[in-house]
Amino acid sequence: MSEESPEELLKKQIENCIFCKIVNGEMDSRKVFEDENFFAFLDINPSSEGHAVIVPKQHLQVAAQLPPELSAKLAILVQELSRQMLKNLGASGTTFVVGSGVAAGQRLPHVSFHLIPTYKNKVIKSEEKELDVKVAEKVKEGLGA
Ligand SMILES: [Zn+2]
């Protein structure tokens, strides 16, 4: 039996992390935004058309680990993405969701922030829940990313 150090365990967690793989391009995603700190892509099981997942590029397990300067940048990014969703997707509003910790429904050990467009008079049917290149392109428009 080998005892693994916390550093080794974290390294192993990062190697197996789906979000790190998406950020590194090892896994495909419908990217809507990327800068030096954050990566945003369409949710694989969206709650509505354009449902975006925003992750820090750094492997941080819970929201509380986000440094204050990144929290500020995240808030600005959320505002910008919301604007794009209202303008380009015709959303009526957006909902920002952060589930931090397993008890709050966080499923992966890499914190994620969800920005979900809401639509008046628009029901998303299950067969429409396919990833849509056009939706990603529309959200991206005007973000310069
Ligand atoms: Zn990760």
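Residues numbered from 1 in each chain as written. Predicted model: local features only at pLDDT ≥ 70, side-chain atom pairs only at ≥ 80, totals over all residues. Heavy atoms only, no water.

Caption draft 1: Fine view of the environment of leucine 42. Positionally, leucine 42 belongs in strand E2 (residues 38–42). Considered as a pair, leucine 42 and valine 53 are 11 residues apart in the sequence and their alpha carbons are 6.0 Å apart. (Helix = DSSP H or I, 4+ residues; strand = E, 2+ residues; numbered from the N terminus.)

Caption draft 2: Region of the structure containing the coordination of the zinc ion. Every protein donor of the zinc ion is accounted for by Cys17 (SG), Cys20 (SG), His59 (ND1) and His110 (ND1), and the metal-donor separations fall at 2.0 to 2.3 Å. We note that the donor set of the zinc ion lies within a single chain, spaced as C-x2-C-x38-H-x50-H. As far as burial versus exposure is concerned, cysteine 17 and cysteine 20 are alike and both buried. (Donors = N, O, S within 2.8 Å, 3.2 Å for Na, K, Ca; no water. Buried < 20%, exposed > 50% of the residue type's maximum accessible area, 1.4 Å probe, protein only.)

Caption draft 3: A look at the side chain of asparagine 37. Looking at the secondary structure, you find asparagine 37 in the loop between strand E1 (31–34) and E2. With residues near it in sequence (within four places) discarded, asparagine 37 still touches Val55, Pro56, Lys57, Leu70 and Lys73. (Contact = heavy atoms within 4.5 Å.)

Caption draft 4: How the structure looks around the pattern of salt bridges. A full pass over the atoms with the stated rule returns 5 salt bridges. Among the salt bridges present, the one from lysine 140 reaches glutamate 137, with a minimum N-O distance of 3.3 Å. With a gap of 3 residues between them, lysine 140 and glutamate 137 both fall in helix H4 (residues 133–140), about one helical turn apart. Through salt bridges with shared partners, a single network forms among Lys31, Glu34 and Lys57. (Salt bridge = Lys/Arg side-chain N within 4 Å of Asp/Glu carboxyl O.)

Caption draft 5: Quick look at the pairing of E1. As paired strands, E1 and E2 are joined by 3 bridges and run antiparallel to one another. Residue pairing in the sheet places phenylalanine 33 in a bridge with alanine 40 of E2. Between the end of E1 and the start of E2, which pair antiparallel, lie 3 residues. (Pairing = 2+ DSSP bridges.)

Caption draft 6: Molecular detail of the packing of aromatic side chains. Taken as a whole and assessed by the stated rule, the structure comprises 3 aromatic pairs. Ring geometry for phenylalanine 39 against phenylalanine 41: centres 6.2 Å apart, planes inclined by 50 degrees, an arrangement best described as tilted. On the basis of relative accessible area, phenylalanine 39 is assigned to the buried category, the value being 5%. Residue classification places phenylalanine 41 among the buried positions, given a relative accessible area of 5%. Grouped by ring-pair contacts, the aromatic residues Phe19, Phe39 and Phe41 constitute a single cluster. (Phe/Tyr/Trp six-rings, centres within 6.5 Å; stacked < 30°, edge-to-face > 60°.)

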